[in-house]
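The primary structure of each chain is shown beneath.
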Amino acid sequence: MQPKNLLILLSDEHQRAATGCYGNTIAKTPNLDALAERGTRFTNAYTSSPVCVPARASLMTGRYVHEIGCWDNAAPYHGHVESWAHRCRDNGHQVTSIGKLHFRSTDDDNGLSEEILPLHVVNGIGDLLGIIRNPPVNRGEKFPIVKNAHAGDSSYSAYDISIADEAEKWLIERGRKPDGKPWILMVSFVRPHFPLIAPREFFDLYKTNEIPLPKHHRKWDLHPILAALKESSQEDTDSYTDDQIKNAIHCYLALVSFMDHNVGRVVKALKTSGLENDTRIIYASDHGENLGVNGLWAKSSMNEESAGIPIILAGPDVIPAVVETPVSICDVYKTALDAVGIEQNPGDPASSFSLWDIARGEKPKRDILSEYHAYGAMTGIFMLRHERWKYIKYEGFGCELYDLQADPDEEVDLAKLGGHEDVIAQCDEALKHILDPRVVNQKAFSDQAERLRHHGGVDAILNQGSDFGYTPAPGETIKRQEN
């Protein structure tokens, strides 16, 4: 590949099915659709973990969560593992981020040449309540996502507007003063992450009565570990009316459209700068959003809605295509190196492959892993995408198995149905080629117990009233809740 600039556009909590180019006939996402039309769209992309901090650490390092110890939202990345940003910056490339990072601190060497408007975990510590997992803290009713959904202004939306403003200025200035060496700009929006408060302009693009209800929104049959997670960390979904559910989805889609609008602003600024023909683009999200499927909201599950993510490539030499080969957020690592012309070396993560190569038809011989060790989960949850199969292992508590080729909506758990013991054994063996679930689960709990001790123990953390729900935007006052 000829070295070129790289623009990484990142959103937060964007369910890939909530996008026009992924088949949603209601979602209004003209800018992402335009990128997909002239680029490559991956239909089977996954996060490394369906929660913010671990996923973003994997995006930077190309390594799975268990390899780097960023288990949860209180174990942020702090430059302790080499990232693609370190590699690119240390090879003389300008590497700038604008917006949400969710690392520990700007004071750390995160590999970036500059951080503009960064959002990091609160106080460099993050969500300590989330690592009290067995039993987990009951926090679902403290920050109701669905019941608080409405049209209006919010600090998060104002933050995203500022991010787009800064990205426009950066690109126009870069166009005026071109550099001979390719640069990387990562523009990271916080929307459509809750709270579901949607700007009126985008809320008015939709009508609540035209919003379909999610599948199994009233009748669900969750695995016991997932049911316990739902009970501890989410609202009482039994109490929702259909209108409340539709209104929440309405607000979410409006936020997706708002995010799409800001993506469009940045892409337009790239064109205005005169750098479009010298710049490749990656669009991705850190994880998805359940959006009421099986009675679940936010993330934290291995449903396609939560663990699946959109990934789109575009640029002057990107072939228009739709690629079904499964890929991972970890692949951003080698994709970034290839984009600017940095040679790979033996120390690069084995879990990362170049999306440019996969877009051109390469099919790596690998399985895709996602894992969850964060709030509400009484044991480690591991998802393996193995050929047509999706295998979900709840360490010590059984598994689920879905045939995504025959059953893309995950309607039939073949593990519960029976008759697929050979496939389950095959998937379990494939998972153990990547990690030992028992050992990794023990390591996650051990690390979390040590952090709990470091911060005074469970009672001390509970007494702090430190449940702030979501990371506040820069400059926003933390609104703590008593437990």
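Treat the numbers as computed from the prediction; the structure is a model and nothing was measured.

Draft legend 1. Geometry of the pairing of strand β6 (residues 184-192). Most of β6 is tucked away, with 9 of its 9 residues classed as buried. Here 6 bridges tie strand β1 (residues 5-12) to β6, and the two strands are oriented parallel to one another. In the sheet register, leucine 9 faces β6, and the bridge partner there is valine 187.

Draft legend 2. The nonpolar core, seen in detail. Membership of the largest hydrophobic core comes to 61 residues, with the highest contact counts inside it found for Leu9, Leu35, Val187, Leu196 and Val263. No other element matches the 16 residues that helix α8 (residues 242-272) contributes to this core. Apart from the residues lying within four places of it in its own chain, the contact partners of valine 263 are Leu9, Leu32, Leu35, Phe189 and Tyr283. Core analysis: the next-biggest nonpolar cluster, separate from the first, contains 41 residues, Cys70, Ile329, Ala336 and Ala359 among them.

Draft legend 3. How the structure looks around the packing of helix α5 (residues 155-176) against α8. Two elements in contact, α5 and α8, have axes separated by 8 Å at closest approach and are oriented at 10°. Of the possible angle classes, the one that applies to α5 and α8 is roughly parallel. Here Ser157, Asp160, Ile161, Ala164, Asp165, Ala167, Glu168, Leu171 and Ile172 of α5 come into contact with α8, specifically with Leu255, Phe258, Asn262, Arg265, Val266, Ala269, Leu270 and Thr272. Tallied by class, the residues present in the contact of α5 with α8 amount to 10 nonpolar, 3 polar and 4 charged.

Draft legend 4. Representation of the pairing of strand β3 (residues 95-100) within the structure. Most of β3 is tucked away: 6 of the 6 residues are buried. Sheet topology places β3 next to strand β4 (residues 114-119); 4 bridges connect them, and they run parallel. Looking at the pairing, threonine 96 lines up with glutamate 114 of β4.

Draft legend 5. Focus on the layout of surface pockets. What the largest pocket holds in volume is close to 1,100 Å³. What lines the largest pocket is a set of 40 residues, and nearest its centre among them are Arg16, Ala17, Glu304, Pro408 and Asp409. Considering every element that reaches the lining of the largest pocket, the biggest residue donor is strand β2 (residues 40-46), with 3 residues. Here the residues of the lining of the largest pocket are counted per class, giving 16 nonpolar, 10 polar and 14 charged. Volume-wise, the second largest pocket comes out at about 380 Å³. Forming the boundary of the second largest pocket are 23 residues, of which Asp221, Asn294, Tyr402, Glu410 and Glu411 lie nearest the centre. Of all the elements in the fold, those that place two or more residues in the lining of the second largest pocket are β14 (389-394) and β15 (399-403). Considering only residue class, the lining of the second largest pocket consists of 9 nonpolar, 4 polar and 10 charged.

Draft legend 6. Fine view of the packing of aromatic side chains. Evaluated as defined, the whole model comprises 7 aromatic pairs. Both rings, one in tyrosine 156 and one in tyrosine 470, keep their centres 5.1 Å apart while their planes meet at 65°; by these two values the pair is edge-to-face. Taken together, the positions of tyrosine 156 in helix α5 and tyrosine 470 in the segment after α15 (458-463) put the pair 314 residues apart, joining distant regions of the chain. A relative accessible area of 1% means that tyrosine 156 is categorised as buried. The aromatic ring of tyrosine 46 is capped on one face by arginine 16, whose charged end is 5.3 Å from the ring centroid. The ring of tyrosine 206 is capped by lysine 28, whose NZ or CZ atom sits 4.6 Å from the centre of that ring.

Draft legend 7. Molecular detail of the pattern of salt bridges. Scanning the model with the defined rule gives 28 salt bridges in all. Of the charged contacts, one joins arginine 56 and aspartate 12 as a salt bridge, the two residues approaching to 3.1 Å between their closest N and O atoms. Here arginine 56, found in helix α2 (residues 52-61), pairs with aspartate 12, found in strand β1; they are 44 residues apart in sequence, far enough to count as distant. On the accessibility criterion, arginine 56 (3% relative accessible area) is buried. Take aspartate 12: its relative accessible area is 0%, and that puts it in the buried class. Measuring nitrogen to oxygen at the nearest pair gives 3.4 Å for the salt bridge that ties glutamate 305 to lysine 215. Here glutamate 305, found in helix α9 (residues 304-307), pairs with lysine 215, found in the loop between α6 (200-203) and α7 (224-233); they are 90 residues apart in sequence, far enough to count as distant. You can call glutamate 305 buried: its relative accessible area is 13%. Connected through salt bridges with shared partners, the residues Asp12, Arg56, Lys100 and Asp286 form a single ionic network.

Calculation rules
Residues numbered from 1 in each chain as written. Predicted model: local features only at pLDDT ≥ 70, side-chain atom pairs only at ≥ 80, totals over all residues. Heavy atoms only, no water. Buried < 20%, exposed > 50% of the residue type's maximum accessible area, 1.4 Å probe, protein only. Helix = DSSP H or I, 4+ residues; strand = E, 2+ residues; numbered from the N terminus. Pairing = 2+ DSSP bridges. Core = buried A, V, L, I, M, F, W, Y, C linked by side-chain atoms within 4.5 Å. Contact = heavy atoms within 4.5 Å. Axes fitted to C-alpha atoms, helices over the stretch in contact; angles between N-to-C directions. Parallel < 35°, antiparallel > 145°, perpendicular 65-115°, else oblique. Nonpolar A, V, L, I, M, F, W, Y, C, P; charged D, E, K, R; others polar. 1 Å grid on protein atoms, 1.4 Å probe; cavity = no way out; pocket = protein on both sides within 12 Å on 5 of 7 lines; lining within 4 Å. Points joined across faces, edges and corners; volume = space filled by probe spheres on them. Phe/Tyr/Trp six-rings, centres within 6.5 Å; stacked < 30°, edge-to-face > 60°. Lys NZ or Arg CZ within 6 Å of the ring centre and 35° of its normal. Salt bridge = Lys/Arg side-chain N within 4 Å of Asp/Glu carboxyl O.

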